[in-house]
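Geometric and topological summary
For reference, the chains in residue letters:
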Amino acid sequence: MIIDVHGHYTTAPAALGAWRDLQVAALKDPAKAPSASALKISDDELRESIETNQLKKMTERGSDLTIFSPRASFMAHHIGDFQTSSTWAAICNELCARVAAMFPDHFVGAAMLPQSPGVDPASCLPELEKCVRDYGFVGLNLNPDPSGGHWTSPPLTDRHWYPLYEKMVELDVPAMIHVSTSCNACFHTTGAHYLNADTTAFMQCLTGDLFKDFPTLKFLIPHGGGAVPYHWGRFRGLAQELKKPLLDEHLLDNIFFDTCVYHQPGIDLLTKVIPVKNVLFASEMIGAVRGIDPETGHYYDDTKRYIEATPHLSDAERHLVYEGNARRVFPRLDARLKAQGR
């Protein structure tokens, strides 16, 4: 199987964005706040949004299953308060659950959390539990910076986050570390804020000892790990100076990287530097980079082409990247696939 561990519902019907606009506008006048029930999206609308977009490209590109979560830039945890985020997350998660129920062979959900700046992460636990136990979701997206580019939250290694980690361990679900929209003009959302956050999350984990407290906790750092593989020697050297164990022992039982890297040299570097056991196939198709590369004539986000072409993977290693590692990092996904006879 070819399992894409990084997909977002970027093609949701326009009614979702319109409802969100009303919710945000009502922050100035709560009396105008729309109810969740006011959002009406039919099964036919959902089906068309998937069949003509993600599912079509999956068929064209040869992938089988996508771990599917709400649109990352739509999370926008810095907007409003916890109740704003709670209502919005519940709506977005339900839509992904409906998609997964319509296309059970091709999509499985991952949860958006109702995070809000300065709010205890324990407030997210009911939504996470609902998504995993009721919807059958297999993972979650964790925003290390709910402030939207101002980084007001403690590092991921701080006990502030421990209630969430305890629930993740209990449910046996990994987290993709994924920020949302930047409201800081210094940081372009997808070109800077996302990649900065990937690098920052890894360094936070390097400087701490989080995985001594949570040895089975798993983080997936997207977009190829930001700057991490490119500067692997820097991180190895910093770990040494900080008297930390070797990175293999210190972090690589718990931290994994996806292949949302949109050119061949980038995938070549990733697969040469990072151990194959830590690399999971992903494309984030119809996401941040949607165009066609004039140098190749193919879509930038058609990452399977890069995996196939890299000289650094054997056929057995490609199998790990495409399927084996995803089944190991997402145990609930593995159980689901086995129940389907796959």
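Above this text is the structure in question.
A brief report on the enclosed structure follows. In this text, all values refer to a predicted model and were calculated from it rather than measured experimentally.

The rules behind each value
- All residue numbers refer to position in the chain's written sequence, counted from 1.
- The predicted origin of the model limits local features to residues at a pLDDT of at least 70 and limits the giving and counting of side-chain atom pairs to 80 or more, whereas totals for whole chains, interfaces and linings rest on all residues.
- The basis for every side-chain value is the complete set of non-hydrogen atoms in the structure, without hydrogens or water.
- The helix count covers DSSP runs of H or I at least four residues long, the strand count covers runs of E at least two residues long, and both are numbered beginning at the N terminus.
- Each residue is placed in one exposure class: buried if its accessible area under a 1.4 Å probe, protein chains only, is under 20% of its type's maximum, exposed if it is over 50%, and partly exposed if it falls in between.
- Here a salt bridge means any side-chain nitrogen of Lys or Arg lying within 4 Å of a carboxyl oxygen belonging to Asp or Glu.

For the rest of this paragraph, the subject is unusual backbone geometry. With glycine set apart, most residues show a phi of negative sign, and most peptide bonds adopt trans. Of note in the backbone geometry, Ala-76 takes a positive phi value of approximately 40° without being a glycine. Considering the arrangement of structural elements, one finds Ala-76 in the loop between helix 4 (72-75) and helix 5 (82-102). For His-223, which is not a glycine, the phi torsion comes out positive at approximately 55°. Within the secondary structure layout, His-223 lies in the loop between strand 6 (219-221) and helix 10 (232-241).

Right, let's get into the environment of Pro-331. Relative to the elements of secondary structure, Pro-331 occurs in helix 15 (residues 331-339). Overall, the relative accessible area of 24% leaves Pro-331 in the partly exposed class. With 157 residues separating them in the primary sequence, Pro-331 and Pro-174 have C-alpha atoms 8.8 Å apart.

As a further point, take the pattern of salt bridges. Applying the stated criterion across every chain, the model contains 16 salt bridges. Two residues, Asp-29 and Lys-32, come together in a salt bridge whose shortest N-O distance is 3.9 Å. A relative accessible area of 62% places Lys-32 in the exposed class. Here Lys-130 makes a salt bridge to Glu-127, at a shortest N to O gap of 3.0 Å.

Read these as spatial facts, not as claims about activity.
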